[in-house]
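# Structure at a glance
Chain by chain, the residues run as shown.
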Amino acid sequence: MHRLQRRLADFAAARGWEPYHTPKNLAVALSVEAAELVEIFQWLTPEQSAAVMEKEETAHRVTDEVADVLAYLLQFCEVLGVDVLDALAAKIERNELRFPVAGDPTSDRHSSE
């Protein structure tokens, strides 16, 4: 992951884009790219959306938008010094505590919190 972040940073630096890669601009760009991903699915039925990768044209669009979303997220994290994998691991851990599995004997201690 770090190599990809470095590659993205080098790509931007080679083009003189660093002044534009502020946290605000990267967050906006991330939002735009996520919206472009959503647009692919906008009017599809649940069945059609589940089959979106079966058609080469839509599969290509989905993978491109996923790449754009990830690229901007990684650049955003690089600029702010967020370790994306550590952040995700911490969030999963907090969610495991907040939303215990029903019937899990350890879940009783969390229900009174």
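Residues numbered from 1 in each chain as written. Predicted model: local features only at pLDDT ≥ 70, side-chain atom pairs only at ≥ 80, totals over all residues. Heavy atoms only, no water.

A few words now on the pattern of salt bridges. Applying the stated criterion across every chain, the model contains two salt bridges. Across the salt bridge formed by Arg6 and Asp10, the nearest N and O atoms sit 3.3 Å from each other. Of this pair, Arg6 and Asp10 both sit in helix H1 (residues 2-14), four residues apart, which is roughly one turn of that helix. According to the relative accessible area criterion, Arg6 is partly exposed, its value standing at 37%. The class of Asp10 is partly exposed, set by a relative accessible area of 41%. A salt bridge links Arg6 to Glu78, with the nearest nitrogen and oxygen atoms 3.6 Å apart. With Arg6 in helix H1 and Glu78 in helix H4 (residues 56-80), the pair connects residues that are 72 residues apart, well separated along the chain. Glu78 gets classed as partly exposed once you look at its relative accessible area, which sits at 31%. In this structure, a network of salt bridges that share partners links the residues Arg6, Asp10 and Glu78. (Salt bridge = Lys/Arg side-chain N within 4 Å of Asp/Glu carboxyl O. Helix = DSSP H or I, 4+ residues; strand = E, 2+ residues; numbered from the N terminus. Buried < 20%, exposed > 50% of the residue type's maximum accessible area, 1.4 Å probe, protein only.)

It is worth spelling out the packing of aromatic side chains at this point. Under the defined criterion, the tally for this structure stands at one aromatic pair. With centroids separated by 5.5 Å and ring planes inclined at 70°, the aromatic side chains of Phe11 and Trp17 adopt a geometry described as edge-to-face. Over the face of the ring belonging to Phe11 we find Arg15, whose NZ or CZ atom lies 3.5 Å from the ring centre. (Phe/Tyr/Trp six-rings, centres within 6.5 Å; stacked < 30°, edge-to-face > 60°. Lys NZ or Arg CZ within 6 Å of the ring centre and 35° of its normal.)

What follows covers H4. Compared with the 36 Å implied by 1.5 Å per residue over 25 residues, the 36 Å span of H4 between its first and last C-alpha is a close match. For H4, the set of buried residues is Thr58, Ala59, Val62, Glu65, Ala71, Leu74, Gln75 and Cys77. For H4, the secondary structure elements touched by its buried residues are H1, helix H2 (23-41) and helix H5 (84-98). Phi for Gly81, located one or two positions after H4, is positive at around 75°. (Expected span 1.5 Å × (residues − 1). Contact = heavy atoms within 4.5 Å.)

Helix length check: H2, at 19 residues, gives a terminal C-alpha distance of 28 Å against a target of 27 Å (1.5 Å per residue), a fit within 8%. When we look at burial in H2, the residues that qualify are Leu26, Ala29, Leu30, Glu33 and Ile40. Along the long axis of H2, the arc covered by the buried residues comes to 105°, so they all point the same way. Among the exposed residues of H2, those oriented more than 90 degrees off its buried face are Lys24 and Val38. (Arc of directions from axis to C-beta.)

For the rest of this paragraph, the subject is a nonpolar patch on the surface. The grouping of Met1, Leu4, Leu70 and Leu85 at the surface amounts to a nonpolar patch, some 350 Å² of accessible area in total. Structurally, Leu4 is set in helix H1. With a relative accessible area of 44%, Leu4 lands in the partly exposed category. (Patch = residues over 30% accessible without salt bridge, like charges linked within 9 Å, V, L, I, M, F, W, Y side chains within 5 Å. Areas by Shrake-Rupley, 256 points an atom, 1.4 Å probe, with all protein chains shown as cover.)

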